[in-house]
Amino acid sequence: MKSAILAKQLRDARKELGLTQKELGEIIGVTRQRITRIESGTQNVTIETLQKLAAALDYDFTIELKQKKRSKRLA
């Protein structure tokens, strides 16, 4: 998932719940500045942090790996 898409989803979910960046940061144990960077797509996010964000925002968190379609020349 592109970081800009993820960042927008997180920002929209936070706003939908009426949370400030500071409040969300306090819930998951990070600074407001880190939430700002995550929401702007400039901060790399660990799976652990994504799990915390999902739980705080009342979202399910799943990871899906899909095999890429192979081109005919590689087959």
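Quick caveat: nothing in here was measured; it's all calculated off a predicted structure.

## Overview of the confidence of the model for the protein
Close reading of the predicted structure is inappropriate where its pLDDT is low.
Next, step 1: Residue-level pLDDT values for the protein average 91, and 91% of them are 70 or greater.
Next, step 2: Summarising per-element confidence for the protein, the mean pLDDT is lowest in helix α1 (residues 3-16) (94) and highest in helix α2 (residues 21-28) (98).

## Considering the pattern of salt bridges
Next, step 1: Across all of its chains, the model carries four salt bridges by this definition.
Next, step 2: The salt bridge involving E64 is made with K66; its shortest N-O contact spans 3.7 Å. In terms of burial, E64 and K66 fall into one category: exposed.

## Side note on a nonpolar patch on the surface
Next, step 1: Together, I47, I63 and L65 give the surface a local cluster of nonpolar side chains, amounting to about 360 Å² of exposed area.
Next, step 2: Relative to the assigned elements, I63 resides in the segment after α4 (47-56).

Cut-offs applied
- Here the residue index of a chain counts from 1 through its sequence in written order.
- Thresholds applied to this predicted model are a pLDDT of at least 70 for local features of residues and 80 or more for the giving and counting of side-chain atom pairs; totals over whole chains, interfaces and linings are not thresholded and use all residues.
- Hydrogen atoms and water are omitted, and side-chain values are computed over all heavy atoms in the structure.
- As a per-residue measure, pLDDT reflects the predictor's confidence and takes values from 0 up to 100.
- Secondary structure elements follow DSSP: runs of H or I of four or more residues count as helices, runs of E of two or more count as strands, with numbering from the N terminus.
- The term salt bridge refers to a side-chain nitrogen of Lys or Arg lying within 4 Å of a carboxyl oxygen of Asp or Glu.
- Throughout this description, buried means an accessible area under 20% of the type-specific maximum (1.4 Å probe, protein chains only), exposed means over 50%, and partly exposed covers the range between.
- Candidate patch residues must exceed 30% relative accessible area and have no salt bridge, after which like charges are joined if within 9 Å and Val, Leu, Ile, Met, Phe, Trp or Tyr side chains if within 5 Å.
- Here the accessible surface of atoms and residues is derived via Shrake-Rupley with a 1.4 Å probe, and residues count as covered only by protein chains that are part of the display.

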